[in-house]
Amino acid sequence: MEEWEKYGLDKRVDYDNLGRVFERMDLKVRSLLGFTWLLSMSQKDGKIDVQELTQAYKNLGYQPRKRTEYGLSEVEDIIWEVDEDANGWIDWDNFVQLYVRCRKDRTGQEPTRLYNLIEFMVCDKDGGGTMSEDECMEILYHRYGKEVRPRSWRVGLT
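Residues numbered from 1 in each chain as written. Predicted model: local features only at pLDDT ≥ 70, side-chain atom pairs only at ≥ 80, totals over all residues. Heavy atoms only, no water.

Participant: So, the packing of aromatic side chains: which residues are in play, and what are the values?
Facilitator: Considering all chains together, one arrives at eight aromatic pairs under this definition. Judged by centre distance (6.4 Å) and plane angle (85 degrees), the rings of Tyr 7 and Trp 92 are edge-to-face. Separated by 85 residues along the polypeptide, Tyr 7 in the loop between helix H1 (3-6) and helix H2 (12-25) and Trp 92 in helix H5 (residues 92-104) bring together distant segments of the chain. Each ring, one from Phe 22 and one from Phe 95, has its centre 5.0 Å from the other, and the planes form 70 degrees; the classification is edge-to-face. Linking Phe 22 in helix H2 with Phe 95 in helix H5, this pair joins segments that are 73 residues apart in sequence. Judged by its relative accessible area of 8%, Phe 22 is buried. With relative accessibility at 0%, the residue Phe 95 sits in the buried group. Feature note: the residues Tyr 7, Tyr 15, Phe 22, Trp 92 and Phe 95 constitute an aromatic cluster, connected by ring pairs. One Lys or Arg, Lys 47, reaches over the ring of Trp 89 and ends 4.1 Å from the middle of that ring. (Phe/Tyr/Trp six-rings, centres within 6.5 Å; stacked < 30°, edge-to-face > 60°. Helix = DSSP H or I, 4+ residues; strand = E, 2+ residues; numbered from the N terminus. Buried < 20%, exposed > 50% of the residue type's maximum accessible area, 1.4 Å probe, protein only. Lys NZ or Arg CZ within 6 Å of the ring centre and 35° of its normal.)

Participant: Explain helix H7 (residues 133-144) to me, and be specific about the residues and the numbers.
Facilitator: Compared with the 16 Å implied by 1.5 Å per residue over twelve residues, the 16 Å span of H7 between its first and last C-alpha is a close match. Among the residues of H7, Glu 135, Ile 139 and Arg 143 are the ones counted as buried. In an axial view of H7, the angular spread of the buried residues amounts to 60 degrees, which keeps them on one side of the axis. Every exposed residue of H7 that faces more than 90 degrees away from the buried side is listed here: Glu 133 and Asp 134. Where H7 is buried, its residues meet H2, H5 and helix H6 (113-123). Backbone geometry just after H7 places Gly 145 at a positive phi near 85 degrees. (Expected span 1.5 Å × (residues − 1). Arc of directions from axis to C-beta. Contact = heavy atoms within 4.5 Å.)

Participant: Break down the nonpolar core for me, citing the residues and quoting the values.
Facilitator: In terms of nonpolar packing, the biggest core is built from 32 residues, with Leu 9, Met 25, Leu 53, Phe 95, Leu 114 and Ile 118 touching the most fellow members. Breaking this core down by element, the ones donating at least two residues are H2, helix H3 (50-59), helix H4 (74-82), H5 and H6. Contacts of Leu 53, omitting those with residues within four sequence positions, involve Met 25, Ile 48, Val 75, Ile 78, Ile 79, Leu 114 and Leu 117. (Core = buried A, V, L, I, M, F, W, Y, C linked by side-chain atoms within 4.5 Å.)

Participant: Tell me about empty space enclosed by the protein, residues and numbers included.
Facilitator: Under the criterion given, the structure shown has one cavity of 30 Å³ or more. Considering only enclosed or pocket space, the largest cavity measures out at about 30 Å³ in volume. In terms of residue count, the dominant contributor to the lining of the largest cavity is H5 (three residues). Taken together, the residues of the lining of the largest cavity break down into two nonpolar, one polar and four charged. (1 Å grid on protein atoms, 1.4 Å probe; cavity = no way out; pocket = protein on both sides within 12 Å on 5 of 7 lines; lining within 4 Å. Points joined across faces, edges and corners; volume = space filled by probe spheres on them. Nonpolar A, V, L, I, M, F, W, Y, C, P; charged D, E, K, R; others polar.)

Participant: Provide a residue-level description of the pattern of salt bridges, including the pertinent values.
Facilitator: If you walk through the whole model with that rule in mind, you get eleven salt bridges. Arg 65 serves as the salt-bridge partner of Glu 74, at 3.8 Å between the closest nitrogen and oxygen. Since its relative accessible area comes to 40%, Arg 65 is described here as partly exposed. The shortest N-O distance in the salt bridge between Arg 101 and Glu 84 comes to 3.4 Å. Here Arg 101, found in helix H5, pairs with Glu 84, found in the loop between H4 and strand E4 (90-91); they are 17 residues apart in sequence, far enough to count as distant. The exposure class of Arg 101 is partly exposed, given its relative accessible area of 25%. A single salt-bridge network, built from bridges that share partners, covers Glu 2, Arg 12 and Asp 16. (Salt bridge = Lys/Arg side-chain N within 4 Å of Asp/Glu carboxyl O.)

What follows is the structure, encoded as structure tokens:
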């Protein structure tokens, strides 16, 4: 059994896409006196912390709230929702588990804020902050196969 199957993913391409997104989010951001900068790519630690997730949102033009109704920042709240081992960051296992749980959820009870960000970043293959038709169609093709594409196009046109 391959690693992607052990996580409960349906296809290897999903595992590869998640790896690409996790790599982009593990930014190694540091702040001091209001200035933020990225450290070198070799200093990635395999964890997504509050600063890194905040920067991922900001890179897409979204400014997370500084306080939620729970007294945490929005990003701290998102991490709390998915941090299964309560260590204050999202590691690879938490990341994939969240994705699989949300993808298979039929109850609507799973937290989806980080899942929605991951899904967007999966589709935004070049990391440009937008999703082209080609990027979107490639994901749909890999996820649903070529037989689904024409049916989904007809649904959108009627």
